[in-house]
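# A structural walkthrough
Each chain is listed here by its residues.
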Amino acid sequence: MVTLPSDKEAFIAHYDQSKDRLPGNNLAWLNEIRAKNIALFNDIGLPTAKTELWKFTSLNPLKKQAFSAPETSEPAANDELPRLMDSASSVRLVFIDGNYSDALSDSTLPTGVTMESLAAVLDNGNSDLNQERLSRPRAEEQPLVALNTALMADGYILSISKDVSLEKTIEILHLGSGKAESTHHTRNIISVGSSSKATIIEHNADHGENAYFSNAATDISVNENATLHHYRVQASNKSAFLVSSTEVEVGKGATYDSFLLNTGARLARSEINVSLAAENSACHLNGTYMGTDDQHCDITTRVDHKTPHTTCDEVIKGVLAGRARGVFQGKIIVHEQAQKTVGNQSHRAMLLSDRAEVDVKPELEIFADDVICSHGCTSGQIDEDALFYLRSRGLSQEQAQSLLVNAFLADAVEAVQNEDLKDLFLVRISDWLENNPNKPA
Amino acid sequence: MLEIKNLHAEVDGKSILQGIDLNINKGEVHAIMGPNGSGKSTLANVLAGRDDYEVTEGGIFFDGKDISELEPEERAGEGIFLAFQYPVEIPGVTNTTFLKEALNAQRRYRGEEELDGMEFVKMIRGKTKELGIKDDMLKRAVNVGFSGGEKKRNDILQMAVLNPKLAVLDETDSGLDIDALKVVAEGVNKLRAENNAILVITHYQRLLNYIVPDQVHVLANGKIRRSGGKELALELEEKGYADYSGEAA
């Protein structure tokens, strides 16, 4: 068998090369879980087509690309850094190639917010981070999270204390500096204190066009009666490989509200797992994705309704041109005791080219009998009648298509409550339509 | 203004129009009547330039220019407007956005200045007032959730804004009750002028009570079989199309 540059062995070699210089290498418990997780990764290996959760997303393009072991060098900023929101309405934290940059981040955080970099916390060794907080409920299904745990070098630990209503948005920039073939495994933790409200927007962007591999894992807890709006603009370059796994625990009366706008990366996989284990907990998992050329976008979600009176809404819309491929896997599990669950899921894809493809796998597993659940998946071409109608009024083929696609995607953005961010997402959608010429066949 | 010469057209390889000749001058209203399957809607779509309709022989001349190879949007820019039998719903696009984009696209095509937001709003307010259309219709998504009558009124509004030289009304009376029909006809009549023309395509005579044509043509089996004044419509109403349906091309 041919050994590909980034097969399992390559990542294990990364671990061997870097374990002595990873942050917190003097902490015995940490070294132990790193070792345990690399062993788990060694057992499972990289996901393949036979891995149920990765049935439609092949990592072969990743395996064919050589990557170097993660580096912990100081980030260097050269050009101006992208910013989604102005500094009056946001504070920005900056990560470059996966490493936190204190110098480039805004220095003052709003009252009630603390942020520590994972590297600093592990090196200081004096945090309450422990084995339990870094373990996942279904670790054996998540080999890339295991790899992340073994190799995590930085990330953020963001805490919002209780009874805080943040006016400013926390913007987190994940910038690729253009350093070729780098890999980064970031680990993030967000906790929102009870009765607090916060908006976090993450932004993936790049200075270069080179390939790199970002493997992120984020653990979120939204405590009693709190609301977290967690948005993400994924606009990486089209050679990048981005894999992320987010695990969310929603408390009593609390809401986790997420929106993903995905336009970038050669391959992007966003996995979000939400546990609704307390009464009146709710989640919204919304998003839009746009792909062209040979881009691949995978959105995989799982919502566990574990107690009565929990709610989940999910609206995802995608548009694919060129040879792009979209994947949507949405699992809703209503556990036996979770009566009065409301779960609604919808995924709609529009294919602008004959060679674009979308694979969907909606799954409802319902073990309770008094629930309201719905799911719907559709995919199709642009409406030819509508196209002709618009053209007959003077719009060019391109303008008409752009107007229709825009309207299709904008509908999903309606779910975003923050008007500034809603506008920002709509502009991103228009920009994408303007910059990605329609490729009908 | 419009000259159709020996027009042959096919849809999916099936020959539908088999040699149509028709002249429409400025300021005239013509009606084309015919039984189902006679080619009425095909003619409307061919005039507007729909993709699947292929002209195989003859030509369409508009102000002396052969337009049979032009794209639908180019024909719109030349001044042809098709009111659809069933106006299409466009979710997520408001009437205002749609009308502004359409008008400015046509103005660009003709090398005219585009209207800015303010100019457009002023213009459209004038049109809605003139036609007695409520402004809230402008904020609604194009035809979404509109009743049959509202959709047709929306077409009239589009006509008023785009001010075409030739309006082709394809079975505009479909699905309208008599009150809605009157309102739509009234709108069309308001837009009649010396320098534009209207082609009404219909199965029934009743629309022609309200939009009175200068000439009536009977289309059957892909050809115009007879032409005459408005009294021809009344004759058809009485006798039906039996005299024409037997004739093979």
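Owing to the predicted nature of the structure, the values given are computational and were not obtained by experimental measurement.

Attention now goes to the side chain of T263 of chain A. Examined against the element boundaries, T263 of chain A turns out to sit in the loop between strand 11 (255-262) and strand 12 (267-276). Sequence-distant contacts of T263 of chain A, that is, excluding residues within four places in its chain, are made with Q234, A235, M290, Q295 and W432 of chain A.

Another aspect to go through is unusual backbone geometry. For A265 of chain A, which is not glycine, the phi torsion reads 75° and is therefore positive. In this structure, A265 of chain A sits in the loop between strand 11 and strand 12. With a phi close to 50°, N221 of chain B is a non-glycine residue in the positive phi region. Note on placement: N221 of chain B falls in the loop between strand 9 (215-220) and strand 10 (223-228). Looking at N221 of chain B, the relative accessible area reads 29%, which means it is partly exposed.

A word on the packing of helix 1 (residues 8-18) of chain A against helix 2 (residues 28-44) of chain A. Residues and elements named next belong to chain A. Put simply, helix 1 and helix 2 touch, their axes get as near as 10 Å, and they point 170° apart. One finds that helix 1 runs roughly antiparallel with respect to helix 2. For the pair helix 1 and helix 2, contact is made by K8, F11, I12 and Y15 and by R34, A35, I38, F41 and N42, respectively. A class-by-class count of the residues in the contact of helix 1 with helix 2 yields six nonpolar, one polar and two charged.

Moving on, we get to the sheet that holds strand 3 (residues 29-33) of chain B. Residue and element names in this part refer to chain B. Spatially, 6-7-8-3-9-10 is the arrangement adopted by the six strands of the open sheet, whose pairing is mixed. This sheet does not close on itself; its edge strands, each paired only once, are strand 6 (80-83) and strand 10. Geometrically, the sheet is characterised by an average inter-axis angle of 20° between neighbouring strands, direction not taken into account. Seen against the sheet, helix 6 (residues 148-162) touches strand 6 and strand 7 (166-170) and runs at an angle of roughly 170° to strand 6.

Residues and elements named next belong to chain A. Note on placement: G287 falls in strand 13 (residues 282-291). G287 sits in the buried class, given a relative accessible area of 0%. The sequence separation of G287 and E140 amounts to 147 residues, and the corresponding C-alpha distance is 27 Å. Contacts of G287, omitting those with residues within four sequence positions, involve F259, L260, V315, I316, K317 and A412.

All right, on to the interface of chain B and chain A then. Each partner contributes residues to the interface: chain B has 32 residues there, and chain A has 17 residues. Buried surface at the junction of chain B and chain A, summed over both partners, amounts to about 1900 Å²; 62% is from carbon and sulfur atoms. Counting across the chain B and chain A interface gives five salt bridges. Between chain B and chain A we count 10 residue pairs in polar contact (both at pLDDT 80 or more) in total. Looking at the side of chain B that touches chain A, the elements with two or more residues in it are helix 1 (40-48), helix 2 (72-78), strand 6, helix 3 (95-109) and helix 6 of chain B. For the side of chain B that touches chain A, the element with the highest residue contribution is helix 3 of chain B, accounting for seven residues. Here the residues of the side of chain B that touches chain A are counted per class, giving 18 nonpolar, seven polar and seven charged.

Take the sheet that holds strand 6 (residues 183-192) of chain A next. Residues and elements named next belong to chain A. Pairing is mixed in the open sheet, where nine strands are placed in the order 3-4-6-8-10-12-14-16-18. Two strands close off the open sheet at either side, each with one partner strand: strand 3 (113-117) and strand 18 (357-366). Sheet twist, expressed as the average angle between the axes of neighbouring strands with direction ignored, equals 10°. Here 10 bridges tie strand 16 (residues 325-334) to strand 18, and the two strands are oriented parallel to one another. For G330, the partnering residue across the bridge sits in strand 18 and is P362.

Residue and element names in this part refer to chain A. Among the seven residues that make up strand 1 (residues 90-96), seven are buried, leaving the element largely enclosed by the rest of the structure. The side-chain alternation of strand 1 yields two buried faces, one formed by S90, R92, V94 and I96 and the other by V91, L93 and F95. With seven bridges joining them, strand 1 and strand 5 (residues 169-176) adopt parallel strand pairing. Across the sheet, L93 pairs through a bridge with I172, a residue of strand 5. Judged from the three bridges that link them, strand 1 and strand 2 (residues 99-101) form a sheet pairing that is antiparallel.

Take the UniProt feature "domain: SUF system FeS cluster assembly SufBD core" (unreviewed entry) in chain A next. Here the UniProt feature "domain: SUF system FeS cluster assembly SufBD core" (unreviewed entry) sits at residues 180-408 of chain A. Structurally, residues 180-408 of chain A comprises 9% helix and 59% strand, and the distance from its first C-alpha atom to its last is 36 Å.

The rules behind the values
Residues numbered from 1 in each chain as written. Chains lettered and ligands numbered in written order. Predicted model: local features only at pLDDT ≥ 70, side-chain atom pairs only at ≥ 80, totals over all residues. Heavy atoms only, no water. Helix = DSSP H or I, 4+ residues; strand = E, 2+ residues; numbered from the N terminus. Contact = heavy atoms within 4.5 Å. Buried < 20%, exposed > 50% of the residue type's maximum accessible area, 1.4 Å probe, protein only. Axes fitted to C-alpha atoms, helices over the stretch in contact; angles between N-to-C directions. Parallel < 35°, antiparallel > 145°, perpendicular 65-115°, else oblique. Nonpolar A, V, L, I, M, F, W, Y, C, P; charged D, E, K, R; others polar. Pairing = 2+ DSSP bridges. Buried area = accessible area lost by both parts, 1.4 Å probe. Salt bridge = Lys/Arg side-chain N within 4 Å of Asp/Glu carboxyl O. Polar contact = N/O pair within 3.5 Å; in protein donor to acceptor, adjacent residues only side chain to side chain. UniProt positions renumbered as here; feature names shortened; annotations may be inferred.

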